[in-house]
Amino acid sequence: MKVTVYNYRSFDEKELFERYGEELGIELVLCPDAPNTENAALAKGSECIDILTSKMPEELLKVFADYGVKYVTTRTIGYDHIDVKAAQKFGMTVANAPYGPCGVADYAVMLILMTIRKMKRIMERTNIQDYTLMGIQGRELKDLTVGVIGTGRIGKTVLKNLSGFGCGLLAYDLYESDEVKESGVPYVSLEEMWKKADVITLHAPLTDENYHMINGDTIARMKDGVMIVNTARGGLIDSEALIRGIETGKIGGAGLDVVENEFGLYYYDHKSDILNNRELAILRGFPNVTVSHHMAFYTDDCVKTVVRDSLMGCKCFVEGRENPWEVK
Ligand code: NAI
């Protein structure tokens, strides 16, 4: 069997594709670019294609369907970049490759610690041999209350990770988890969370209902000096309101692995480009805001899992076996 792999990265995926391709008896066609109408012909003779987060709209899926592709798997958890309904209309099966929650959960805790300890300022100083102390005094987690919004796979792991630090913990989710309650972490209303949390960390998906859940109004109801960490989706926070909160000192710091309108920026080298995301430029410039480029997931375990499981899903599909990675 043959699988055409798009968005192939030789620097970290090569060895894994070689290993799992051989183990599973899959011949691979490797293409470093995102799938498009020009390179779709590479999939001729492959029943399956394996992609990343590039857009797969109806027109493009039709091109692949015409080449005989019947299965589209993405090496990501999210599959909102694929028009699943259109794929189904063309008789194609869509699949994803979920990886474990620990990578993002570790990263969220790291951003929390970096934010409360003013790590961005500290690193900037040591880089220029400025070894002074003024302005870099941190706070201790044991004295703080952390509010976790979204207690699914990642949020729960963050709660578990934080339980060793002796901080107060609060949770909020539309659906409360017994496991969280049994661990002694109370669910509270958002109102109560704004009032009581010193640090707020976001782990909910972005939906129409929670778009800009952190906005001027909600920030005004938060504690003075509140710190906000976002490893979920940029659209959960109104960037303008966040900037105003930082400028006025209402917000004491932020750790942002995701920002609004990051699509098309992240994962490309833009160092010589003038970018059109002003909010990102402003946020990056603050000494108390740590920004990273949507990479909380990016660990050795995650890359191994998505390469292996996306290929295993292809194999299940071609052999007509039960496929746990299929998107229903
Ligand atoms: P999950 O589906 O296991 O958990 C999400 C939780 O959020 C669920 O408990 C759900 O009930 C809750 N939720 C949904 N709408 C809500 C709302 N309006 N308010 C509060 N809670 C709400 O998802 P998982 O795996 O824990 O991932 C969480 C989010 O993390 C993803 O949706 C994604 O946006 C983000 N993510 C970020 C990555 C990164 O590299 N920065 C990588 C992977 C995921």
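Note: the structure precedes this text.
So, a few notes on the structure that sits alongside this text. Everything quoted here is computed from the prediction, not taken from an experiment.

## Here's the deal with the packing of helix 1 (residues 10–24) against helix 12 (residues 300–318)
The interhelical angle for the contact between helix 1 and helix 12, taken along N-to-C directions, is 30 degrees, at an axis separation of 10 Å. Judged by the twist between their axes, the crossing of helix 1 over helix 12 is right-handed. Every residue of helix 12 that contacts helix 1 at Asp12, Glu13, Leu16, Phe17, Tyr20, Gly21 and Leu24 is listed here: Val303, Lys304, Val307, Arg308, Leu311, Met312 and Lys315. Along the lines of polarity and charge, the residues of the contact of helix 1 with helix 12 split into 8 nonpolar, 1 polar and 5 charged.

## Considerations on the site of the ligand
As a matter of local geometry, the ligand sits amid 22 residues, with Arg153, Ile154, Asp173, Thr231 and Asp257 nearest to it. In this structure, an oxygen atom belonging to the ligand sits 3.4 Å away from a main-chain N or O atom of Ala232. Measuring from a nitrogen atom of the ligand, one finds a side-chain N or O atom of Asp257 at 3.0 Å. In the complex, 82% of the free accessible area of the ligand, which totals 860 Å², lies under the protein chains. Partitioning the shell around the ligand into residue classes produces 11 nonpolar, 7 polar and 4 charged.

## Observations concerning the pattern of salt bridges
Enumeration over the complete set of coordinates arrives at 21 salt bridges. Linking Lys14 and Glu18 is a salt bridge whose minimum nitrogen-to-oxygen distance equals 3.1 Å. Of this pair, Lys14 and Glu18 both sit in helix 1, separated by 4 residues, roughly a single helical turn. Here Glu18 falls in the partly exposed class, since its relative accessible area comes to 46%. In this structure, Lys62 engages Asp66 in a salt bridge whose closest nitrogen and oxygen atoms are separated by 2.9 Å. Within this pair, Lys62 and its partner Asp66 are both found in helix 2 (residues 58–66), separated by 4 residues, close to a single helical turn. Each of Arg9, Asp12, Glu13, Asp50 and Arg75 takes part in salt bridges that share partners, so that together they form one network.

## Concerning helix 10 (residues 239–248)
Owing to its 3.6 residues per turn, the α-helix aligns residues three or four sequence positions apart on the same side. Within helix 10, burial applies to Ser239, Ala241, Leu242, Ile243, Gly245 and Ile246. Of the surrounding elements, those touching the buried residues of helix 10 are helix 9 (216–220), strand 9 (226–230), strand 10 (251–256), helix 11 (278–285) and strand 11 (289–291). Capping of helix 10 at its N-terminal end is provided by Asp238; its side-chain oxygen lies 3.1 Å from the backbone amide nitrogen of Glu240. Two residues or fewer after helix 10 comes Gly249, characterised by a positive phi angle close to 90 degrees.

## Quick notes on the state of the cysteines
For the structure shown, the criterion picks out 0 disulfides. No disulfide involves Cys31; its sulfur sits 16 Å from the nearest other cysteine sulfur, which is in Cys314. Its sulfur unpaired, Cys316 is 9.3 Å from the next cysteine sulfur, which belongs to Cys314. Since its relative accessible area comes to 6%, Cys316 is described here as buried.

## Here's the deal with the sheet that holds strand 11
The 6 strands lie next to each other as 7-6-8-9-10-11, forming an open sheet whose pairing is parallel. Across the chains shown, the open sheet's two edge strands, defined by having one partner strand only, are strand 7 (168–172) and strand 11. Here the strands of the sheet are splayed against their neighbours by 15 degrees on average, with no regard to which way each runs. Relative to strand 8 (residues 199–202), strand 6 (residues 145–149) is paired through 4 bridges, and the arrangement is parallel. When the sheet's bridge partners are listed, Val148 is paired in strand 8 with Thr201. Here helix 6 (residues 153–162) sits on the sheet and contacts strand 6, strand 7 and strand 8; the angle it forms with strand 6, its principal contact strand, is near 165 degrees.

Cut-offs and rules
Residues numbered from 1 in each chain as written. Predicted model: local features only at pLDDT ≥ 70, side-chain atom pairs only at ≥ 80, totals over all residues. Heavy atoms only, no water. Axes fitted to C-alpha atoms, helices over the stretch in contact; angles between N-to-C directions. Helix = DSSP H or I, 4+ residues; strand = E, 2+ residues; numbered from the N terminus. Left-handed = near helix turned anticlockwise from the far one by under 90°. Contact = heavy atoms within 4.5 Å. Nonpolar A, V, L, I, M, F, W, Y, C, P; charged D, E, K, R; others polar. Near = heavy atom within 4 Å. Polar contact = N/O pair within 3.5 Å; in protein donor to acceptor, adjacent residues only side chain to side chain. Areas by Shrake-Rupley, 256 points an atom, 1.4 Å probe, with all protein chains shown as cover. Salt bridge = Lys/Arg side-chain N within 4 Å of Asp/Glu carboxyl O. Buried < 20%, exposed > 50% of the residue type's maximum accessible area, 1.4 Å probe, protein only. Disulfide = S-S within 2.5 Å. Pairing = 2+ DSSP bridges.

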